[in-house]
Amino acid sequence: MENKVFSKLKKIFLTLLSVAMIFSCTVQAFASDEYRDTDQAPHSKAAILYEATTDTVLYEKNADMELPPASMTKVMTAILVLEQNPELSGTLTVSKDAVRHYYCSSMGYPHLKAGEVISYKDCMAYMLIPSANEAATSFAFEIGGDMNTFLQMMNDKAKELGCKNTHFQDPVGLSSSDHYTTPRDMVKMCQYAMSFDSFREAVSADSVTVPVSNMRDESYECYTTNYVKFPDDRYESPYSGYVTGVKTGWTPAAGWCFSGCMEKDGLVWYSVVMGGDEEWYDEGRIIQGDFRDTINLYSLTEGVTAEQLEAMHGAGIPAWLAVALVAAAAVLAVLAIVLIARAVNKG
């Protein structure tokens, strides 16, 4: 009788051991020491790589560090516009305050002029593709009525989205004092913004033409600053064709910043890199740390499946800890089997 009981227990423990070993291998397939204990964003202060369909963070570095986001700020500006006008229908008139130095201290040339009429769609593309500051301030006055009201709307929306470490001081990203977010919070903003078709359309384009208007006789064309999606020889990678957005940014205080979205093999990856450095690449050109680190983060997704990510997410703990716990459980199972075997032999 005892031998039968021990035999059943032995089978149970062998089954548990097999499950533990399979789970351990599954988790270790994407949580291996190859990158778990190494800096995968060495050219930036903070970074995160998140997969949306399984709600799983694959990699993070200082993901809750509060840093200035530079022009990634415009993602939130776009959100507030899209919530009121998701189809981006109609036109707006550029407020004289929108192009005042006090609210918009940096504009390219040519740029929008006070009193200029522009479509919502063109203004959105102009804000997101070449990152035109006066487009963002124009939206702020159009949607908020005044700057303080719009800033309150930005901060309220950030809290609504679950951003715990974010505060905005302008709709553009030029501020560095009391204007900050984190990689983790930025993912939440980007993920929500990408739920709007008009936003996805804008950030997937490589250029925008600002048309002839009541204030100008000639149109002008501007080009994207997203070199991960549209790379030159400095940023070539096998991932550019899968990138669908999102937003670049730079100020002296913020360094190089990039939030990206890559859709590949049925998975949707959001990456955010902040505080990127720069190095000279060749005569007259630099290479940006945010783009370099983003491409490296995307390389971590090779071979990763939804099943592996779900196993990691289901554990509710970091991958390295899941591996350790599974290994401990396996050791205990082996010890239990040994003790059972000894008891059987004595019987």
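Look above for the structure.
Now for a description of the structure that goes with this document. Quantities reported herein were computed from a predicted structural model and do not represent experimental measurements. (Residues numbered from 1 in each chain as written. Predicted model: local features only at pLDDT ≥ 70, side-chain atom pairs only at ≥ 80, totals over all residues. Heavy atoms only, no water.)

The sheet built from 5 strands is open, its strands ordered β2-β1-β9-β8-β7 with antiparallel pairing. Edge positions in the sheet fall to β2 (56-61) and β7 (243-251), since each has one partner strand and no second. Within the sheet, the average angular offset between the axes of one strand and its neighbour, ignoring direction, is 5°. Relative to β2, strand β1 (residues 46-51) runs antiparallel, the two sharing 5 bridges. Within β2, the residue paired with I48 across the bridge is E60. (Pairing = 2+ DSSP bridges. Helix = DSSP H or I, 4+ residues; strand = E, 2+ residues; numbered from the N terminus. Axes fitted to C-alpha atoms, helices over the stretch in contact; angles between N-to-C directions.)

Okay, unusual backbone geometry next. Residue V246 follows G245 across a cis peptide bond; omega there is 20°. With respect to the helices and strands, the residue V246 is situated in strand β7. One non-glycine residue, D265, lies in positive phi territory at about 55°. Along the chain, the position of D265 falls in the loop between β8 (255-264) and β9 (267-276).

The subject of this paragraph is the side chain of T182. Position of T182 relative to the elements: it lies in the loop between α6 (147-160) and α7 (183-193). Not counting residues up to four positions away in its chain, the partners in contact with T182 are A63, D64, M65, E66, N165, T166 and M274. (Contact = heavy atoms within 4.5 Å.)

Within the structure shown, the criterion is met by 15 salt bridges. With a shortest N-O distance of 2.8 Å, E60 and R184 are connected by a salt bridge. With E60 in strand β2 and R184 in helix α7, this residue pair connects regions lying 124 residues apart in the sequence. Here D265 makes a salt bridge to K264, at a shortest N to O gap of 3.1 Å. Assessed through its relative accessible area of 65%, D265 is described here as exposed. On the basis of relative accessible area, K264 is assigned to the buried category, the value being 13%. (Salt bridge = Lys/Arg side-chain N within 4 Å of Asp/Glu carboxyl O. Buried < 20%, exposed > 50% of the residue type's maximum accessible area, 1.4 Å probe, protein only.)

Turning to the nonpolar core, a few remarks are in order. The biggest cluster of nonpolar side chains holds 68 residues, and the ones touching the most others in it are V75, M124, M189, F199 and Y270. With sequence-adjacent residues up to four places away left out, F199 is seen in contact with V75, A78, L82, L128, A193, M194 and V246. Core analysis: the second largest hydrophobic core is formed by 22 residues, F258, M262, L297 and L309 among them. (Core = buried A, V, L, I, M, F, W, Y, C linked by side-chain atoms within 4.5 Å.)

Moving on to the packing of helix α5 (residues 133-144) against α6. Viewed as axis vectors pointing N to C, α5 and α6 meet at an angle of 90°, and their least axial separation amounts to 8 Å. The orientation of α5 relative to α6 falls into the category roughly perpendicular. When α5 is examined against α6, the residues T137, F139, A140, F141, I143 and G144 are found in contact with a partner set consisting of M147, T149, F150 and M153. Among the residues making up the contact of α5 with α6, the classes are represented as 7 nonpolar, 3 polar and no charged. (Parallel < 35°, antiparallel > 145°, perpendicular 65-115°, else oblique. Nonpolar A, V, L, I, M, F, W, Y, C, P; charged D, E, K, R; others polar.)

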